[in-house]
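Here are the chains, one letter per residue:
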Amino acid sequence: MRATVLRTQVSAAARRPGRLILTGLAILVASFVVFGTVLAREITVRTAVDNLSGTPAATDLVIGDQQRPPPGGAALPRVRAVPGVAEAVGRLTVGVSLGEGYLNLRADPGTGPLATVRLRAGSYPDGPGEIAVTPRTAERLGLRIGTVTSGKGGGLTTPARLTVTGLVDTPTDGGIDAYAPDSVVTAWGGSAGLEWIDVRVAPGASAEKVRERVAATLPADVAIRTGEEVRRAEADAQAEQVGRLFALVGMFVAVAVIAAALVVTSTFRIVFAQRMRQLALLRAVGASRGALTGALIAEGALTGLVAGVVGVAAALTAGYALPAILRATGTAVSSPGLPLAAAVAVVLGAVVLTVLAVLAPAFSAAGVSPLEALRAASVLAARRGIGMPRLVSGLLLGVGATLAGGATFSRLPTPQQEVYDPVPGLLLLVGSGALAFCALVALGPLLVRPVLSIVGWPLRQFGPLGRLAVGGVGGTPRRAAAISVVVALGVTLISGVVIGGASMRILADREMALSAPADFEVTAGNGAALPAAVVTRAEAARGALTRVVPYRRVDDVTLLRGGDRLGSAESGYPALDLDLRALPTTEDLDVAQGTLADRGPGRIVLGSWVARDAGLRAGDAVTIGLAGKTVGVRVAAVLPDHAPLYAGILTDRADLDRLGAPATYSGLLANAAGPGEGGRTAGVQALRQAIGGSDGVGLTVLADERDRNGAVLDSLLLIAVGLVGLTVLIAVVGVGSTTALSVVERVRESGLLRAVGLSRPGLRGMLTVEAGLYGVIGATIGLLLGVPYAWLAVQVLGLNAPLTLPVLPLAGLFAALVVLTALAGVLPARRASRVSPVQALGIEG
């Protein structure tokens, strides 16, 4: 009998492959995501190996290693003289100071197999003092082809002539890069600065024999490696970084897999509930409960096998198609291999996960009484409550989550705490979140109805259609809870990322307001005074510059009280008279104590490190001193870390004058008048002209640092949202499959509604709204959990980031989830509306 039951159930499932795929749709998506992650890692690593190595592919030998002494300039001619060496290129970088900026001058042949740059315009340098620059460097520093300037650096103590002969394209363009042959660069930096030598072996020569000959001409402690070794080491370094990234990705994929298991468990409950009369008939004709359970588990295993195979095949197709498409557009992306072991593991994992998910529904369905076969309906009424063991377990889990959250809160760092380890707090927070989610799974059916009574109230005001939709969801609380919990998990994670990202962005803006409060900074090196003519010309360049703010910096201001010196700084603290009101970033500054509005003559602002060192707070009276002169002041505010431009004290200009500080400026800040890269380039050119030939005056583009930090933060947030979005994807799939299966279950109900006057559009609307309600319930619960956990996570990290609530992004997230879940129910709703009332009423319950 056991074999007969097993054969009956499995063959029935195999005859309906569409139903089989629909049941295991969440597992199919999870398999696609997991194997897609494996392929994505392989693509990334292979691309790094093929394209991201800094050593040219033609390099056969590399002489020199960062861990050992460099080869030295004398080695280069000896290596070139070795028989079998076709080409040897010295690699070194020299810093060159120009009157209007700074250059990283790098050695590169410019042409041939060992070149890392490509000539874009003009000619590549081949004589003393000739250089080629990148396009951005040419724009920023005004170094067009043919420009003649002078600079010094490296081994040169006096300025030397520089001539720009060409433009070159490079993998990265930082705006300060120049290139020339190694002979030109060593003339600047000295041959002792040679870092390594790339060697290309002549065709037909043995690389190993050439290596032995080269080793015989060099000191024994100079490293010689093959080009393949170096490229592999560079690729391994890239792969290690990729591995750390994908370890993080794996955590989010694991969450998505858990979500898939919850969804497929709910799906099997629906499927088995629809076949209760059939199962009862099998029990009536002699099938034991164990045989029926085994047959249902086997059906689950078959579902997992089919879903896993289809998911892996779809991921493999996408994994090979996407790199090919990208290569056709000019992007260098390598194709993955064929990781058969990983593919088999994913399919087996899908089978195991589906079997585990089907256990509880199978045991429950197999316990059906044979008398149920005498019922007129083939579907049993849905259970609304939960058993006492589940209730007690849920409450205990909730208490555990609360206690872990309280322990996390008790470990938050205080403002005065200098040493803090966030790891214990993070572990407690993760444990609290896991317990809270498990409690939500256990108590979900009890929470659905009260939440639905609140969020469904507006729908009930729209008449019978809204009341029917709310009643349809509320009538099956266990099913609604199973899907809404997965939606809630995704919303909790995404809202945490959104809130954490908003807090981090505010923190980054505050940090940039301190370290890069304007687009440009012009300073005189070695503490020298900035020529007054530079300030005058910069202030006159109104078409390209705005908010030109000169400042003075004094590095040895002391703090006194009653004649006693405060703090432990032997030479005093760095002080600025920077006018914060003239800077656009002042509103981004955070204040730990006091207010910046009180700043003025007789008022100072301290960085928190100075305040702690001197034992001062906002409102305290103190004396500042310089070279024997003193001025009484009051602390107006304390900033969380340091003052702008890494100063310790911000004073008023009048107070610095009373201390006898020099009247000359130390530097100036300015903003670009125009937007984008064009406005920034115009600002750089205007400041370069203002600097003119002033010796020792340098220009720093602070806006580039802001852009880099902003780009990194945007990338991290985009990646994080994409990863946690996997869980939402699984949830949406679950809503679609649940709605589709419930349509089959409720054919007679749909026919009855049509018979009493509900139109086809009305039925479609009702079922679509029901699907959307899963999203409403899940998003509501997810936000209620996500906001406090996100705030707690921000504090646990100890980054001094502010707590913020980005209302618009969270509202957009809520609306997007509702729309997505509603769209997931559109197709099943259309299918239900096509069934005629007569046909529907003729179908047995």
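For clarity, every value in this text was computed on a predicted model and none was experimentally measured. (Residues numbered from 1 in each chain as written. Predicted model: local features only at pLDDT ≥ 70, side-chain atom pairs only at ≥ 80, totals over all residues. Heavy atoms only, no water.)

Caption draft 1: Just the overall build of the chain, in detail. When helices and strands are counted, the chain shows 26 helices and 23 strands. Buried residues in the chain amount to 48% of all 845 residues. In the chain, 82% of the contacts between residues at least 6 apart in sequence involve partners at least 24 apart. (Helix = DSSP H or I, 4+ residues; strand = E, 2+ residues; numbered from the N terminus. Buried < 20%, exposed > 50% of the residue type's maximum accessible area, 1.4 Å probe, protein only. Contact = heavy atoms within 4.5 Å.)

Caption draft 2: Representation of the pattern of salt bridges. All told, the structure shown has 17 salt bridges when counted by the stated rule. One salt bridge connects Asp177 with Arg106, and the closest N-O pair in it is separated by 3.4 Å. In this pair, Asp177 sits in strand 9 (residues 177-180) while Arg106 sits in strand 4 (residues 101-107), placing the two residues 71 residues apart along the sequence. The exposure class assigned to Arg106 is partly exposed, which follows from its relative accessible area of 28%. Across the salt bridge formed by Arg144 and Glu139, the nearest N and O atoms sit 2.9 Å from each other. For Glu139, a relative accessible area of 31% gives the class partly exposed. One network of salt bridges, with partners in common, ties together Arg136, Arg680, Asp704 and Asp707. (Salt bridge = Lys/Arg side-chain N within 4 Å of Asp/Glu carboxyl O.)

Caption draft 3: Focus on the packing of helix 10 (residues 289-328) against helix 11 (residues 340-366). As a packed pair, helix 10 and helix 11 sit with axes 7 Å apart at the nearest point and diverge in direction by 150°. What the angle tells us is that helix 10 and helix 11 run roughly antiparallel. Crossing of helix 10 over helix 11 shows right-handed handedness. (Axes fitted to C-alpha atoms, helices over the stretch in contact; angles between N-to-C directions. Parallel < 35°, antiparallel > 145°, perpendicular 65-115°, else oblique. Left-handed = near helix turned anticlockwise from the far one by under 90°.)

Caption draft 4: Summary view of helix 17 (residues 532-540). Where helix 17 is concerned, the buried positions are Val534, Val535 and Ala538. Taken down its axis, helix 17 places every buried residue within 95° of arc, on the same side. Exposed side of helix 17, more than 90 degrees from the buried face: Ala532, Thr536 and Ala540 are the residues found there. Elements that come into contact with the buried residues of helix 17 comprise strand 12 (520-524), strand 13 (545-551), strand 22 (667-672) and helix 20 (676-691). (Arc of directions from axis to C-beta.)

Caption draft 5: View of the nonpolar core. Judged by nonpolar contacts, the single largest core of 85 residues is most densely connected at Phe272, Ile730 and Ile777. Of all the elements, helix 23 (residues 760-796) adds the most residues to this core, at 13 residues. Those residues in contact with Ile777, other than ones at most four positions away along the chain, are Val448, Val451, Leu452, Val455, Val473 and Ser484. Counting residues in hydrophobic clusters, the runner-up holds 37 residues, among them Val85, Leu167, Val201 and Val214. (Core = buried A, V, L, I, M, F, W, Y, C linked by side-chain atoms within 4.5 Å.)

Caption draft 6: A look at the sheet that holds strand 12. Spatially, the four strands line up as an open sheet ordered 13-22-12-23, and their pairing is antiparallel. At either margin of the open sheet sits one strand with a lone partner, and together these are strand 13 and strand 23 (697-701). In this sheet, adjacent strand axes meet at a mean angle of 20° when their direction is disregarded. Alignment of strand 13 against strand 22, held across five bridges, turns out to be antiparallel. Following the sheet pairing, Val549 is matched in strand 22 by Leu669. (Pairing = 2+ DSSP bridges.)

Caption draft 7: The arrangement of unusual backbone geometry in detail. Residue Arg547 is not a glycine yet carries a positive backbone phi of 55°. By the secondary structure assignment, Arg547 is in strand 13. In the Ramachandran plot, Leu645 falls in the positive-phi region, its phi being about 60° despite a non-glycine side chain. Turning to its location among the elements, Leu645 is positioned in the loop between strand 20 (629-639) and strand 21 (649-650). A relative accessible area of 7% places Leu645 in the buried class.

Caption draft 8: Representation of the packing of aromatic side chains in the model. Taken as a whole and assessed by the stated rule, the structure comprises one aromatic pair. Taking the centre distance of 5.8 Å and the plane angle of 70° together, the rings of Tyr573 and Trp609 count as edge-to-face. Taken together, the residues span a long stretch of sequence, with Tyr573 in strand 16 (residues 573-576) and Trp609 in helix 18 (residues 608-614) at a distance of 36 residues. According to the relative accessible area criterion, Tyr573 is buried, its value standing at 2%. (Phe/Tyr/Trp six-rings, centres within 6.5 Å; stacked < 30°, edge-to-face > 60°.)

Caption draft 9: Quick look at a nonpolar patch on the surface. On the surface, a cluster of nonpolar side chains totalling about 360 Å² of accessible area is made up of Trp791, Leu803, Leu805 and Val807. Relative to the helices and strands, Trp791 is located in helix 23. Assessed through its relative accessible area of 31%, Trp791 is described here as partly exposed. (Patch = residues over 30% accessible without salt bridge, like charges linked within 9 Å, V, L, I, M, F, W, Y side chains within 5 Å. Areas by Shrake-Rupley, 256 points an atom, 1.4 Å probe, with all protein chains shown as cover.)

Caption draft 10: Geometry of the environment of Thr267. Examined against the element boundaries, Thr267 turns out to sit in helix 8 (residues 227-274). Judged by relative accessible area, Thr267 falls into the buried class, the value being 1%. Sequence separation between Thr267 and Ala482 is 215 residues, and the spatial gap between their C-alpha atoms is 9.2 Å.

Caption draft 11: Fine view of the sheet that holds strand 2 (residues 85-91). With respect to topology, four strands assemble into an open sheet ordered 2-10-1-11, the strand pairing being antiparallel. At either margin of the open sheet sits one strand with a lone partner, and together these are strand 2 and strand 11 (224-226). Neighbouring strand axes in the sheet, compared pairwise and without regard to direction, differ in orientation by 20° on average. Where strand 2 meets strand 10 (residues 196-201), six bridges bridge the pair, whose relative direction is antiparallel. Its bridge partner being in strand 10, Gly90 is matched across the sheet by Ile197. Along the sheet face, helix 7 (residues 207-217) touches strand 1 (61-63), strand 2, strand 10 and strand 11 and points at about 170° away from the line of strand 11.

Caption draft 12: Layout of helix 25 (residues 826-834). Listed in full, the buried residues belonging to helix 25 are Pro828, Ala829, Ala832 and Ser833. Down the axis of helix 25, the smallest arc covering the buried residues is 135°, so these residues share one side. More than 90 degrees from the buried face of helix 25, the exposed residues found are Leu827 and Arg834.

Caption draft 13: A look at the side chain of Thr170. Checked against the element boundaries, Thr170 lands in the loop between strand 8 (160-169) and strand 9. Excluding residues within four positions of it along the chain, Thr170 makes contact with Val117, Thr134 and Tyr179.

Caption draft 14: A look at the environment of Val355. Locating Val355 in the fold gives a position in helix 11. C-alpha separation for the pair Val355 and Glu299, spaced 56 residues apart in sequence, amounts to 8.8 Å. Not counting residues up to four positions away in its chain, the partners in contact with Val355 are Ile297 and Ala301.

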